[in-house]
Amino acid sequence: MKKFMIGLLCGIIFATCGSAFAESAVKKLIGETVKGQYEVSVDGKKLSTPAIVVNGTSFLPVREFGNSVGYKVSFDPKGGIKLQQQSNAPSEYELSEKARIEQDRFNREAEEAQKAADKKAVTEGRIRVIKEQIQETEAVIAENNEKLNKFKQVYIENGGDLAIYETTIMYQTVTKIIEDNGKKLEELKKELASLEAQQ
């Protein structure tokens, strides 16, 4: 109750200009009932202490309101409540807004970092797959080149004509496999180079 009365007195003093008038207003309010209380927002930020309404007049919590708009609030029994603008010191609202902006920036950076990490993981996975495909393709080409050489050797040993050899189905089939896999290998190597450049 004592704290409430101090807050009430502070509100009255803040809302009035002359000490005589303030004294009269205080006497007028003693014993009166608080008719309501309302939340107060300063630039969209709610104060933790509500304003009260007595005899149709609203009274603000002086210290919290003053701090929220950049004023230093002091009190002494003789001089009453004093509000002094702190031009260099940010208000509580400015501090909280700055903190919110910093938090938003941190959240964006964390999200971007996560996206980058996810993209990097996908890229690294694709690089591993491509390297495996390159090895498999090179193995297929090497295997079919060996088949082609063996087939050619057998053909020569049996007295076959090399001019006719290149028209055989065996030669054409194996040559086509080598050619197709050569094209595939070239495409895989291009994709690998592109992905590695992104890292």
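Here, every reference points to the structure presented above.
Read on for a plain summary of the structure. (Residues numbered from 1 in each chain as written. Predicted model: local features only at pLDDT ≥ 70, side-chain atom pairs only at ≥ 80, totals over all residues. Heavy atoms only, no water.)

1. Considerations on the overall build of the chain
Scanning the chain from N- to C-terminus turns up six helices and seven strands. Of the regular secondary structure in the chain, the N- to C-terminal order runs α-α-β-β-β-β-β-α-β-β-α-α-α. Counting only contacts in the chain whose residues sit at least 6 apart along the sequence, the fraction spanning at least 24 positions is 43%. Of the accessible surface of the chain, which amounts to about 14,400 Å², a share of 54% is contributed by carbon and sulfur atoms. (Helix = DSSP H or I, 4+ residues; strand = E, 2+ residues; numbered from the N terminus. Contact = heavy atoms within 4.5 Å. Areas by Shrake-Rupley, 256 points an atom, 1.4 Å probe, with all protein chains shown as cover.)

2. Topic: the sheet that holds strand β4 (residues 51-54)
Two modes of strand pairing occur in sheets, parallel and antiparallel, and in both the strands are linked by backbone hydrogen bonds. Strand order in the open sheet formed by three strands is β1-β4-β5, and the pairing between neighbours is antiparallel. Both edges of this open sheet fall to β1 (36-38) and β5 (57-59), since each of them pairs with a single strand only. With direction set aside, neighbouring strand axes in the sheet form an average angle of 30°. One ladder, built from three bridges, connects β1 with β4; its direction is antiparallel. Considered in β4, the bridge of Gln-37 is made with Ile-52. (Pairing = 2+ DSSP bridges. Axes fitted to C-alpha atoms, helices over the stretch in contact; angles between N-to-C directions.)

3. Some points on the packing of helix α4 (residues 92-157) against helix α6 (residues 169-198)
Between α4 and α6, the least distance of the axes is 8 Å, while the angle of their chain directions is 155°. By the angle class used here, α4 and α6 are roughly antiparallel. For the crossing formed where α4 meets α6, the hand is left-handed. Residues that form the contact of α4 with α6 fall into these classes: 16 nonpolar, nine polar and eight charged. (Parallel < 35°, antiparallel > 145°, perpendicular 65-115°, else oblique. Left-handed = near helix turned anticlockwise from the far one by under 90°. Nonpolar A, V, L, I, M, F, W, Y, C, P; charged D, E, K, R; others polar.)

4. Some thoughts on the nonpolar core
One recurring pattern in soluble globular proteins: nonpolar side chains tend to sit buried together. Ranked by size, the top nonpolar core spans 14 residues in total, and within it Ile-130, Ile-134, Leu-148, Tyr-165, Ile-178 and Leu-192 carry the most contacts. Of all elements in the fold, only α4 and α6 reach the threshold of two or more residues within this core. Among the elements that line this core, the one with the most residues is α6, at seven residues. Once residues lying within four places of it in the same chain are set aside, the contact partners of Leu-192 are Ile-127, Ile-130, Lys-131 and Ile-134. (Core = buried A, V, L, I, M, F, W, Y, C linked by side-chain atoms within 4.5 Å. Buried < 20%, exposed > 50% of the residue type's maximum accessible area, 1.4 Å probe, protein only.)

5. Observations regarding the pairing of strand β7 (residues 80-85)
As judged from the six bridges shared by strand β6 (residues 71-76) and β7, these two strands associate in the antiparallel manner. Paired with Ser-74 across the two strands is Lys-82, which belongs to β7. Where β6 folds back onto β7 in an antiparallel hairpin, the turn is made up of three residues.

6. Quick word on the environment of Ile-130
Considering the arrangement of structural elements, one finds Ile-130 in helix α4. For Ile-130, a relative accessible area of 0% gives the class buried. With near-sequence residues (within four places) excluded, Ile-130 lies in contact with Leu-188, Glu-191, Leu-192 and Leu-195.

7. A look at α4
Compared with the 98 Å implied by 1.5 Å per residue over 66 residues, the 96 Å span of α4 between its first and last C-alpha is a close match. Among all positions in α4, only Tyr-93, Thr-123, Gly-125, Ile-127, Ile-130, Ile-134, Thr-137, Ile-141, Asn-144, Leu-148 and Tyr-155 are buried. The secondary structure elements touched by the buried residues of α4 are β2 (41-42), β3 (45-46), α3 (62-68), α5 (162-165) and α6. The positive-phi residue at the C-terminal boundary of α4 is Gly-159, with phi of around 75°. (Expected span 1.5 Å × (residues − 1).)

8. Focus on the pattern of salt bridges
Tallied over the full model, the rule gives 12 salt bridges. Where Lys-115 meets Glu-111, a salt bridge forms, and the shortest distance between an N and an O atom there is 3.6 Å. Linking Lys-115 with Glu-111, this pair stays in helix α4, spanning four residues, or about one helical turn. Residue Asp-180 pairs with Lys-176 through a salt bridge whose shortest N-O separation is 3.0 Å. Residue Asp-180 and its partner Lys-176 are both found in helix α6; the two are separated by four residues, about one turn of the helix. (Salt bridge = Lys/Arg side-chain N within 4 Å of Asp/Glu carboxyl O.)

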